[in-house]
Amino acid sequence: MSSYTTRSWVTIGLFGALWGAVEIVLGSYLHLILPPQADTFLIGVLLGGIGVAVALTGRHFASNRGSVFFISVVTALLKLLSPGGIKIGPLVAILAEGVLMEAVLWVASTRWTFLLGGALAIAWNLPHKFIMMRLLFGKGFTQVFTKMVQDGSQTLGLDVSAAWLILAVLLLIRLSVGAISGWSAWKLGGAVARRLGR
Amino acid sequence: MERVETGRRGGAPAGTLTTSPWGYLLFTGWAALATVLTGGWRLAGLLLLELLFGLACSRKALRILRRPRFWVFILSAAALGPFLIGEPDAALGPLHVSWEGLAAGIEMAGRASALTLAFSLGLAALSLSDVVAVFDRLGLRGLGFATALAMNLLNTLREMATVTWQTIRQRGGVRRPLIALRLFLITTIANTLRYGDEVVNAATVRAFDPNKGPPASLPLRRADLWLAAALIGCSGLLLMLQR
């Protein structure tokens, strides 16, 4: 922590504010115009993608180990203190994404670790809802979910194993979105640094 | 624009029943753990305890109970249970429901309520000053500084982004959306970093160093000790009832 200068902390605050602004402003807007069913599978991926791009861009300017995680902590706190009230799901998602990105960047800060960090962070979006529902509702949720998958497969005339295929496709989409966010962050960070002459 | 102050929270003098931030954090942690480890009708007791804590120490946080979205979320769990859990063994008109499922649904709703309230009553009751003070006490002064900076920056960011967007629009930038988006992002982030340079200069001039100086004191209050004692008592009661 002693390697963190005042400039490092200011940069962490700035990018935490940027990510927080996206979560609070764009998040409220999307929740208003889209139905609740779009929560995880559209809003979560979209907000996660933008947030990951912002946080990884911040790594360009605060290159200390742990900076991306701290950016996610600042963002989570802004979300907590915002007028929208406390929502456990988004807080956990933001922190989990920060941990995953930082775990990859801890090794090195290159274009490929940006891509991988972004991909893993957005991939979290898929199990996140299930984990949060299991945590909130307990073991009863597992029974509800299993029954819904069985009933849904019967109704659609599909084999239950098709559910795994659908999940695999959804995971692939998230990995792709995350990788694009990571790549964008690498390019954006470079462009901003050139603009500022750094 | 209202500025969010981050000075040391005055707080109530010793001897009153207002808990310090440690009390709120202790309650959140205890209530969340108790919810996960307990079950059945004991959840009703836990909910009652949370309501009592809210009435005594955190009334503002109880406003979550007035939100329709909270009740829709909670009651949907109770509503799904009778149809999706267990074998149907009762008829409600044309619908066949399960008593086992109803019990499970109510337990699910109770658990979700207890967890949501635990976080709402504890964490949501903290102000920005409390958060900064806790970080300072834990030796993370820089993180508290970054959080306070971010909170104060939100409105400025909105203005910067609005001005940037309007400038791009007036210069015909929206005719090429991808280039306009790239320009918007680069300009907004660059302006934000320039703002950061001013903050760094201001902090340096005031000899602020997040790595130096002793952590500020954030003492426990009498109410925190009473709360801790009460929670220990409740833990013992829950353990006895669990057997």
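What this report covers is the structure whose coordinates are included nearby. Note that the structure is predicted; figures quoted are calculated from it, not measured.

Let's shift gears to the overall build of chain B. Counting its regular elements, chain B contains 8 helices and 2 strands. Its helices and strands in sequence order give chain B the pattern α-α-α-β-β-α-α-α-α-α, from N to C terminus. Since a compact globule built from 243 residues should have a radius of gyration of about 18 Å, the 25 Å found for chain B marks it as more spread out than a globular shape. The buried share of chain B, reckoned over its 243 residues, is 44%. Total accessible area on chain B is roughly 13,800 Å²; 65% of this is exposed by carbon and sulfur atoms. Treating the 25 positive side-chain charges of chain B as one cloud and the 14 negative ones as another, the clouds have centres 8 Å apart.

Further remarks concern the nonpolar core. Note on soluble globular proteins: their nonpolar side chains tend to be buried together. Formed by 100 residues in total, the largest nonpolar core has its most connected members in I12(A), F15(A) and V192(A). The contacts of F15(A), once residues within four sequence positions are left out, are V54(A), T57(A), G58(A), F61(A), I71(A), I189(B) and L193(B).

Counting from both sides, the interface comprises 55 residues of chain B and, opposite them, 52 residues of chain A. Taking both partners together, chain B and chain A bury about 4,500 Å²; carbon and sulfur atoms supply 77% of that area. Counting every contact that joins chain B to chain A gives 1 salt bridge. When the shortest N-O distance is used, the salt bridge between R7(A) and D197(B) registers 2.6 Å. Here chain B and chain A share 4 residue pairs in polar contact (both at pLDDT 80 or more) between them. Among the secondary structure elements, those contributing two or more residues to the side of chain B that touches chain A are α3 (68-84), α4 (99-122), α5 (128-137), α6 (141-170) and α7 (177-205) of chain B.

Turning to the packing of helix α1 (residues 21-37) of chain B against helix α2 (residues 42-57) of chain B, a few remarks are in order. Residue and element names in this part refer to chain B. At their nearest, the axes of α1 and α2 sit 11 Å apart, and the two run at 165 degrees to each other. With respect to their mutual orientation, α1 and α2 come out roughly antiparallel. Read as a crossing pair, α1 and α2 show a hand that is left-handed. For the pair α1 and α2, the contacting residues are Y24, F27, W30, A31, A34 and T35 in the first and L43, L46, L49, E50, F53 and C57 in the second. For the contact of α1 with α2, the class distribution of residues is 10 nonpolar, 1 polar and 1 charged.

Looking now at a positive patch on the surface. A grouping of K87(A), K129(A), K60(B), R63(B), R66(B), R67(B) and R69(B) is seen on the molecular surface, where their side chains present a positively charged patch. Among the secondary structure elements, R69(B) is positioned in helix α3.

For any pair of aromatic rings, the description consists of the separation of the ring centres together with the inter-plane angle of the planes. Under the criterion given, the structure shown has 12 aromatic pairs over all chains. Residues F137(A) and F73(B) carry aromatic rings whose centres are separated by 5.4 Å and whose planes lie at 50 degrees to one another, so their mutual orientation is tilted. On the criterion of chain membership, the pair formed by F137(A) in helix α6 (residues 125-137) and F73(B) in helix α3 is interchain, its members lying in two chains. Here F137(A) falls in the buried class, since its relative accessible area comes to 7%.

What counts, and where the lines are drawn
Residues numbered from 1 in each chain as written. Chains lettered and ligands numbered in written order. Predicted model: local features only at pLDDT ≥ 70, side-chain atom pairs only at ≥ 80, totals over all residues. Heavy atoms only, no water. Helix = DSSP H or I, 4+ residues; strand = E, 2+ residues; numbered from the N terminus. Rg over C-alpha atoms; globule rule 2.2 N^0.38 Å. Buried < 20%, exposed > 50% of the residue type's maximum accessible area, 1.4 Å probe, protein only. Areas by Shrake-Rupley, 256 points an atom, 1.4 Å probe, with all protein chains shown as cover. Lys, Arg positive; Asp, Glu negative; His and termini not counted. Charge placed at Lys NZ, Arg CZ, Asp CG, Glu CD. Core = buried A, V, L, I, M, F, W, Y, C linked by side-chain atoms within 4.5 Å. Contact = heavy atoms within 4.5 Å. Buried area = accessible area lost by both parts, 1.4 Å probe. Salt bridge = Lys/Arg side-chain N within 4 Å of Asp/Glu carboxyl O. Polar contact = N/O pair within 3.5 Å; in protein donor to acceptor, adjacent residues only side chain to side chain. Axes fitted to C-alpha atoms, helices over the stretch in contact; angles between N-to-C directions. Parallel < 35°, antiparallel > 145°, perpendicular 65-115°, else oblique. Left-handed = near helix turned anticlockwise from the far one by under 90°. Nonpolar A, V, L, I, M, F, W, Y, C, P; charged D, E, K, R; others polar. Patch = residues over 30% accessible without salt bridge, like charges linked within 9 Å, V, L, I, M, F, W, Y side chains within 5 Å. Phe/Tyr/Trp six-rings, centres within 6.5 Å; stacked < 30°, edge-to-face > 60°.

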